[in-house]
There are 2 protein chains.
Amino acid sequence: MDNDSALLALAALAHPTRLDAFRRLVQHEPEGLSTGQLVEQSGLTQSTFSTHLAVLAKAGLVQSEKRGRHFIQRADIDALRGLMLFLAKDCCQGRAELCEPLLAELACC
Amino acid sequence: MDNDSALLALAALAHPTRLDAFRRLVQHEPEGLSTGQLVEQSGLTQSTFSTHLAVLAKAGLVQSEKRGRHFIQRADIDALRGLMLFLAKDCCQGRAELCEPLLAELACC
DNA sequence: AATGTGCATCGTATAATTCCGATGCATGGA
DNA sequence: TCCATGCATCGGAATTATACGATGCACATT
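Residues numbered from 1 in each chain as written. Chains lettered and ligands numbered in written order. Predicted model: local features only at pLDDT ≥ 70, side-chain atom pairs only at ≥ 80, totals over all residues. Heavy atoms only, no water.

**Some points on the protein's contact with DNA strand C**
Okay, so step 1: H52 of chain A together with Q46, S47, S50 and R69 of chain B are the nearest of the 18 residues found near DNA strand C.
Okay, so step 2: Between DNA strand C and T35 of chain B, the relevant distance is 3.2 Å, taken from a phosphate oxygen to a main-chain nitrogen or oxygen of the residue.
Okay, so step 3: Within the contact set of DNA strand C, a base nitrogen lies 2.8 Å away from a side-chain nitrogen or oxygen of Q46 of chain B.
Okay, so step 4: If you list the elements that add at least two residues to the surface near DNA strand C, you get α4 (46-58) of chain A together with α3 (35-42), α4 (46-58) and β3 (70-75) of chain B.
Okay, so step 5: Tallied by class, residues from the surface near DNA strand C come to two nonpolar, twelve polar and four charged. (Near = heavy atom within 4 Å. Polar contact = N/O pair within 3.5 Å; in protein donor to acceptor, adjacent residues only side chain to side chain. Helix = DSSP H or I, 4+ residues; strand = E, 2+ residues; numbered from the N terminus. Nonpolar A, V, L, I, M, F, W, Y, C, P; charged D, E, K, R; others polar.)

In structure tokens:
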């Protein structure tokens, strides 16, 4: 993941509605959720939520698959992983001692 | 790190100038960099950069320490770690299989 | 005490984001 | 074929972010 992609991903997640939707999608991997279900839970208008979804999609964090009349939205775990690796590089490059506590905490899951 | 703090941190990093400054500060841990050095490299006005720095500080990602007439800025690695753990929880909660590749890639550093 | 340096903050102009209703398009069912 | 559903997209209004110059304050030097 390059700098621009990371910026897109960070901006996409830096909004309550989008962060919430993304988390819900991750929790519903790998089945995904329909756009309607996400809209309903968000409390926003369908059109408003649709633009939020487009931001997540443009950042590569969410991918949609057409299933009949519905769209199934799915979180792209690889993209999340890419973002985390990008952030990790910031603190790990040449200085592993900064990241070891992170690895220790991650190991618990 | 709770949801609101994560949103602040994500928004703080979701800007080219701030992401760049934060990365430079991480690379200069633990000595830090003076505000002036950061301003000079950013190519922006001192006042503009100062507001960016305030955003990072409000998000807890950067802490400043007064040293004479200068301010030494330092990246808060714990805050970065907190953000990464927050993101990791999204993909690891109850589903470790999603995170194992992440751990494998992080292990290299 | 007087001056210069380093930074925060205020005021303001411009750009971007966010939100909604309205509209349009494609699909599935009557 | 005709209608209803699910979603994207357009247009516009309100809010927020971004950038700058000007100003003010604190500290160090002279």
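Continuing now.
**Notes on the protein's contact with DNA strand D**
Okay, so step 1: Within the structure, DNA strand D sits among 18 residues, and Q46, S47 and S50 of chain A together with T48 and H52 of chain B are positioned closest to it.
Okay, so step 2: Near-protein atoms of DNA strand D (within 4 Å) split between backbone and bases, with sugar and phosphate holding 62%.
Okay, so step 3: Here G36 of chain A contributes a backbone N or O atom positioned 3.0 Å from a phosphate oxygen of DNA strand D.
Okay, so step 4: Here a phosphate oxygen of DNA strand D sits 3.0 Å away from a polar atom, N or O, in the side chain of T48 of chain B.
Okay, so step 5: Going through the elements one at a time, α3 (35-42), α4 and β3 (70-75) of chain A together with α4 of chain B are the ones with two or more residues in the surface near DNA strand D.
Okay, so step 6: Broken down by class, the residue content of the surface near DNA strand D amounts to two nonpolar, twelve polar and four charged.

**With respect to the side chain of S34 of chain B**
Residue and element names in this part refer to chain B.
Okay, so step 1: With respect to the helices and strands, the residue S34 is situated in strand β1 (residues 33-34).
Okay, so step 2: For S34, a relative accessible area of 12% gives the class buried.
Okay, so step 3: Other than its neighbours up to four places away in sequence, S34 contacts H70, F71 and I72. (Buried < 20%, exposed > 50% of the residue type's maximum accessible area, 1.4 Å probe, protein only. Contact = heavy atoms within 4.5 Å.)

**A look at the packing of helix α2 (residues 16-27) of chain A against helix α1 (residues 3-13) of chain B**
Okay, so step 1: It is at 11 Å that the axes of α2 of chain A and α1 of chain B come closest, and there the two elements cross at 110°. By the angle class used here, α2 of chain A and α1 of chain B are roughly perpendicular. The hand of the α2 of chain A/α1 of chain B crossing is right-handed. The segment α2 of chain A lies against α1 of chain B, with P16, L19 and R23 of chain A engaging N3, L7 and L10 of chain B.
Okay, so step 2: Residue classes in the contact of α2 of chain A with α1 of chain B are distributed as four nonpolar, one polar and one charged. (Axes fitted to C-alpha atoms, helices over the stretch in contact; angles between N-to-C directions. Parallel < 35°, antiparallel > 145°, perpendicular 65-115°, else oblique. Left-handed = near helix turned anticlockwise from the far one by under 90°.)

**What to know about the nonpolar core**
Okay, so step 1: Core analysis: the largest hydrophobic core is formed by 58 residues, its most contacted members being L13 and L61 of chain A together with L13 and L61 of chain B.
Okay, so step 2: Beyond its immediate sequence surroundings of up to four residues, L13 of chain A is in contact with L19, F22, L56, L61 and L83 of chain A together with L7, L10 and L87 of chain B. (Core = buried A, V, L, I, M, F, W, Y, C linked by side-chain atoms within 4.5 Å.)

**Focus on the side chain of R23 of chain A**
Okay, so step 1: In this fold, R23 of chain A is placed in helix α2.
Okay, so step 2: Contact partners of R23 of chain A, with chain neighbours within four places excluded, come to N3, F86 and D90 of chain B.

**A few points about unusual backbone geometry**
Okay, so step 1: Between E29 of chain A and the following residue, P30 of chain A, the backbone shows a cis peptide bond with an omega angle of 0°.
Okay, so step 2: For P30 of chain A, the location among the structural elements is in the loop between α2 and β1 (33-34).

**Structural notes on the sheet that holds β1 of chain B**
Residues and elements named next belong to chain B.
Okay, so step 1: Spatial ordering of the open sheet is given by β1-β3-β2, a layout of three strands whose pairing is antiparallel. Looking at strand neighbours, the two that pair on one side only are β1 and β2 (62-67), the edges of this open sheet.
Okay, so step 2: Across six bridges, β2 lies against β3 in antiparallel orientation. Note that in β3 the partner of S64 across the bridge is Q73. (Pairing = 2+ DSSP bridges.)

**Brief notes about the sheet that holds β1 of chain A**
Okay, so step 1: The antiparallel open sheet is built from three strands, whose spatial order is β1-β3-β2 (chain A). Each end of this open sheet is capped by a strand with a single partner; those strands are β1 and β2 (62-67) of chain A.

**Points about the environment of A12 of chain B**
All names here are of chain B.
Okay, so step 1: Relative to the helices and strands, A12 resides in helix α1.
Okay, so step 2: A12 sits ten residues away from F22 along the chain, and the two C-alpha atoms are 9.6 Å apart.
Okay, so step 3: Those residues in contact with A12, other than ones at most four positions away along the chain, are R18, V55, L56, A59 and L61.

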